Amino acid sequence: MATDAWSTPGEYTVSVINRLGYSYSVNVVVNDSGYATLEFHGNGTEEIPTIITSMGAQNVTLPEVTRYGYDLVGFSDEEGNLFSGEIAEIMFKGTTVLETVWKAKQFTMYYLDANGNELVTPTPIEFGRSYPLPIGTMDKGHTVTGWILNGEILSASELSIDTEGDISLIAVLDEQSKAANSTNGGLLIAIILGVAGCA
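Per chain, residue numbering runs from 1 following the sequence as it is written. In keeping with the predicted nature of the model, local features appear solely for residues at pLDDT of at least 70, side-chain atom pairs appear and are counted solely at 80 or more, and the whole-chain, interface and lining totals rest on all residues. By convention in this description, side-chain values take in all heavy atoms of the structure and omit both hydrogens and water.

Turning our eyes to something else, we now look at the overall build of the chain. Strands here mean DSSP runs of E at least two residues long; helices mean DSSP runs of H or I at least four residues long; both are numbered from the N terminus. Broken down by element type, the chain carries two helices and 17 strands. Throughout, a residue-residue contact means that at least one pair of heavy atoms, one from each residue, lies within 4.5 Å. The long-range fraction of contacts in the chain, counting pairs at least 24 apart against all pairs at least 6 apart in sequence, stands at 52%. Carbon together with sulfur atoms contributes 52% to the accessible area of the chain, which is approximately 13000 Å² in total. Note on areas: these come from Shrake-Rupley sampling with a 1.4 Å probe, and a residue is covered only by the protein chains present in the view.

Structure representation (structure tokens):
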């Protein structure tokens, strides 16, 4: 902590207690110097130590930070400058705070019937956002009353994206749509069997 503080010019008081229990204080004057301190704020920076460098230092490597569901864009300073990977040259003295800048990861949500056929055009999705679930008659004439995700029927009218990766929803069809699918499937089987018989 003292090292961080002394990178800034000023007068500091240091208190020391010896083994006999006697205490005394010493005033330390730190003159203006070329030291520069980088502090990191924002999600994922809790365990990142402060970097002490100097003005004019080049190619100062910035720490690697990870956050579930997000990609690190870089670090932004108080003036809005964005740094990614490293700082080419330190152009300041004293302490500068760098804030993490994140971008949500993007995936795709698919809307399928029980046979894996698409009922609705896939939706681009972002981690951390919520998306309404389409209910009713779809483009291909199927009537959807709900959706299944990972074997469970979703009770909400929208889905919050809290996992990484594409999502496939299976439609719950009303009885009429189910019957139509069954009839079409039976007709297709009959045609196939008929063609096979003729052969």
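Right, picking up where we left off after that structure.
The subject of this paragraph is the confidence of the model for the chain. pLDDT: the predictor's confidence for each residue, scored from 0 to 100. This prediction gives the chain a mean pLDDT of 82; 78% of its residues lie at or above 70. No element of the chain has a lower mean pLDDT than helix H2 (residues 175–198), at 44, and none a higher one than strand E6 (residues 70–76), at 97. When the criterion is pLDDT under 50, residues 183–199 qualifies, and its contacts beyond four places in sequence or with other chains add up to zero contacts.

Let us now look at the nonpolar core. Nonpolar core, defined: a set of buried Ala, Val, Leu, Ile, Met, Phe, Trp, Tyr and Cys residues in which side-chain atoms within 4.5 Å join the residues together. Buried residues are those whose accessible area, probed at 1.4 Å on protein chains only, stays under 20% of the maximum for their type, while exposed residues exceed 50% and partly exposed ones sit between those limits. Among the nonpolar cores identified, the biggest contains 18 residues, and Met109, Leu119, Trp147, Leu159, Ile167 and Leu169 are the most heavily contacted of them. Those elements that place two or more of their residues in this core are strand E10 (106–112), strand E11 (118–126), strand E14 (143–149) and strand E17 (167–173). With residues up to four places along the chain from it excluded, the contact list for Met109 reads Pro122, Thr123, Ile125, Tyr131, Leu159, Ile167 and Leu169.

In this section: the environment of Asn81. In this fold, Asn81 is placed in the loop between E6 and strand E7 (82–83). When its relative accessible area of 35% is taken as the criterion, Asn81 is described as partly exposed. Through-space distance from the C-alpha of Asn81 to that of Leu98 is 9.4 Å; in sequence the pair is 17 residues apart.

As a further point, take the sheet that holds E7. Being paired, for any two strands, means DSSP has found at least two bridges between them. Taken in spatial order, the five strands line up as E4-E3-E9-E6-E7 in an open sheet, and their pairing is mixed. One side of each edge strand has no neighbouring strand; the edge strands of this open sheet are strand E4 (51–54) and E7. Two strands pair when backbone bridges link them, and strand E3 (residues 35–41) and strand E9 (residues 94–104) are joined in this way by six bridges, in the parallel orientation. In the strand pairing of E9, His41 is matched with Glu99.

Here a Phe, Tyr or Trp ring, Trp counted by its six-membered ring, pairs with any other such ring whose centre lies within 6.5 Å, and the pair is stacked when the planes are under 30 degrees apart, edge-to-face when over 60, and tilted otherwise. Scanning the model with the defined rule gives four aromatic pairs in all. Centroid distance Tyr70 to Phe127: 5.5 Å. Interplanar angle 75°. Geometry classified as edge-to-face. Remark: Phe127 occurs in the loop between E11 and strand E12 (130–132) and Tyr70 occurs in strand E6; sequence separation between them is 57 residues. In terms of burial, Tyr70 and Phe127 fall into one category: buried.

Looking at the secondary structure, you find Met91 in the loop between strand E8 (86–89) and E9. Taking the C-alpha atoms as reference points, Met91 and Ala36, 55 residues apart in sequence, are found 9.0 Å from one another.

Take Thr53: it is sitting in strand E4. According to the relative accessible area criterion, Thr53 is buried, its value standing at 13%.

This next bit is on unusual backbone geometry. Here Asn59, not a glycine, exhibits a phi torsion of approximately 50°, which is positive. The topology assignment puts Asn59 in strand E5 (residues 58–61). Of note, the phi angle at Asn150 is positive, near 55°, even though the residue is not glycine. Checked against the element boundaries, Asn150 lands in the loop between E14 and strand E15 (152–153). Judged by relative accessible area, which is 74%, Asn150 ranks as exposed.

Quick look at the pattern of salt bridges now. In the sections that follow, a salt bridge refers to a side-chain nitrogen of Lys or Arg positioned within 4 Å of a carboxyl oxygen of Asp or Glu. Evaluated as defined, the whole model comprises one salt bridge. For Lys105, the salt bridge goes to Glu164, with nearest N and O atoms at 3.2 Å. Of this pair, Lys105 sits in the loop between E9 and E10 while Glu164 sits in the loop between strand E16 (158–160) and E17, and the two are 59 residues apart along the sequence. Relative accessible area serves as the criterion here: at 33%, Glu164 is assigned to the partly exposed category.

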